[in-house]
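Close look at the chain arrangement
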Amino acid sequence: MSTADSLEQWLSIFRRSAKAGRLAHAYLVCGNPEGVARTYADQVASYLLCTATEGRPCGICKSCIRVPAGRHPDVFHIEPEKKSRVIGVEAMRTFIRNLQQSAYEGDWKIGLMLHADRLNENAANAFLKTLEEPPPRTLMLLLTDSPQTMLRTVISRCQRVNLPEPERKKTEDWTPVVDGILQTSLSNDPLVHAACAHRLNDLLDETKTRILAEEKKRAKDTEAEEEVLDARAEARLKKVRAAIFQSLLHWQRDLLLLVNGCDEGLLFHAEHIEVLRGQAAQLDVATAFRRVRAIQEMDTRLARISRPALPVLESGFARMGLS
Ligand SMILES: [Zn+2]
């Protein structure tokens with residue numbers, strides 16, 4: 001299973017528990033605290049704090065934009081001190097005090113602990129009671145990439161979420177074309193957006209022609225019916241399209257990570273780091289989010305209609321402008 005699929009599965013488990021009113025007090029989120037674990041934490045915090053009435057997290061309300069930017073007043077952070085690299089008892093006391101105040105905006109408060117394995121023993125002991133009985137409507141998220149080094153007393157009070165490490169990028173026939181689109185798609189020029197839409201549309205058309213030809217050849221060998229052939233080709237095309245859109249989405253996620261100042265080691269398209277850095281420098285968090293949404297919406301709309309795809313792609317890329 002891919003990292004994205006696995007992350008989505010853990011998020012859907014969280015949403016179901018939240019809807020059923022059965023959230024744990026604390027989650028131990030195992031994965032890179034600057035990468036997939038942070039993405040999970042931001043997503044669940046956004047889910048609880050989002051002000052939209054449905055489709056939470058909406059990704060565009062004030063809460064959804066402030067959570068991943070680390071600027072939501074009801075999300076309290078604690079992390080190791082720079083010098084000692086540990087989470088000490090003084091910082092812990094402040095963290096607990098903050099969580100005991102009432103929420104500023106929503107009705108939820110989130111306590112976000114980065115590198116929870118760096119809790120020193122005094123800090124851990126000061127934390128245990130809050131971890132066991134947090135203030136009402138308070139969710140603790142403990143992020144770590146080394147749960148094996150943590151105190152048993154802390155671990156046993158958390159529900160565990162095991163996120164996988166990011167997979168490496170695979171090279172497919174379509175990779176160069178998609179990479180080309182990604183490298184030029186950041187622009188305010190409508191002609192550039194139209195060109196991206198056309199290139200992607202041509203790629204999907206060519207892929208379809210190629211797959212149909214392959215399936216026809218196979219059908220001759222096996223004497224399959226035309227309907228069977230069409231269904232097979234359609235299924236394969238769907239898979240390729242999903243992979244292409246995932247690659248587009250990973251690029252936008254990489255940009256969002258860079259805009260938020262996350263570790264560059266976590267990027268999916270790491271081989272294009274220079275281009276990504278250049279694009280990230282032109283983006284703010286809201287625009288980076290909007291571009292993620294634009295890709296997701298193109299994907300959803302294309303899955304619903306059969307063809308023509310071009311108008312969907314044109315309006316999708318047009319929404320990826322900078323302002
Ligand atoms: Zn929202």
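Residues numbered from 1 in each chain as written. Predicted model: local features only at pLDDT ≥ 70, side-chain atom pairs only at ≥ 80, totals over all residues. Heavy atoms only, no water.

1. Observations concerning the overall build of the protein chain
In plain terms, the rule: Helix and strand definitions follow DSSP, with helices as H or I runs of at least four residues and strands as E runs of at least two, each counted in order from the N terminus. Residues count as neighbours in contact if any of their non-hydrogen atoms are within 4.5 Å of one another. Only the protein chains shown count as cover for residues, with accessible areas throughout obtained via the Shrake-Rupley method and a probe of 1.4 Å. Positive charges come from Lys and Arg alone, negative charges from Asp and Glu alone, with His and the N- and C-terminal ends not counted. By convention, charge coordinates are those of NZ in Lys, CZ in Arg, CG in Asp, or CD in Glu.
Check the secondary structure of the protein chain and you find twelve helices and five strands. C-alpha extents for the protein chain along the principal axes are approximately 70 × 45 × 40 Å. Restricting the contact set of the protein chain to residue pairs at least 6 apart, pairs at least 24 apart contribute 71%. A total of about 16,900 Å² of accessible surface is found on the protein chain, and carbon and sulfur atoms cover 50% of it. Treating the 45 positive side-chain charges of the protein chain as one cloud and the 43 negative ones as another, the clouds have centres 5 Å apart.

2. Here we look at the domain arrangement of the protein chain
Here is the rule: The split into domains, and so the bounds of each, comes from an automatic or database assignment of domains. By buried area we mean how much accessible surface two parts lose on assembly, using a 1.4 Å probe and totalling the loss over both.
Its domain assignment divides the protein chain into domain 1 (3-162) and domain 2 (175-318). Between the C-alpha centres of domain 1 and domain 2 there is a distance of 33 Å. At the junction of the two partners, domain 1 supplies eleven residues and domain 2 supplies eleven residues. For the pair domain 1 and domain 2, the summed buried area comes to about 900 Å², and 63% of that belongs to carbon and sulfur atoms.

3. What about the pairing of strand S2 (residues 75-78)?
Formally: We treat two strands as partners when DSSP finds at least two bridges between them. Place the viewer so that the strands point away; then a crossover is right-handed whenever the path from the first strand over the helix to the second strand goes clockwise.
Summarising the sheet, S2 and strand S3 (residues 109-113) pair through four bridges and their orientation is parallel. Looking across to S3, one finds that His-77 is bridged to Leu-112. Crossover S2 to S3 through helix H4 (residues 89-100) is right-handed.

4. A closer look at the sheet that holds strand S5 (residues 159-162)
Strands belonging to one sheet form pairs held by backbone hydrogen bonds; the direction of such a pair is parallel or antiparallel. Put simply, the rule is: Helix axes use the C-alpha atoms of the stretch in contact, all axes being lines fitted to C-alpha atoms, and the angles between their N-to-C directions lie in the range 0 to 180 degrees.
Read across the open sheet, the five strands follow the order S2-S3-S4-S1-S5; overall the sheet is parallel. Taken across any chain shown, the strands that pair with only one partner, and hence form the sheet edges, are S2 and S5. Between one strand axis and the next, the sheet turns by 20° as a mean value, whatever way the strands run. Along the sheet face, helix H2 (residues 36-49) touches strand S1 (26-30), S2, S3, strand S4 (138-144) and S5 and points at about 170° away from the line of S4. Docked against the sheet, H4 engages S2, S3 and S4, running at close to 165° with respect to S3.

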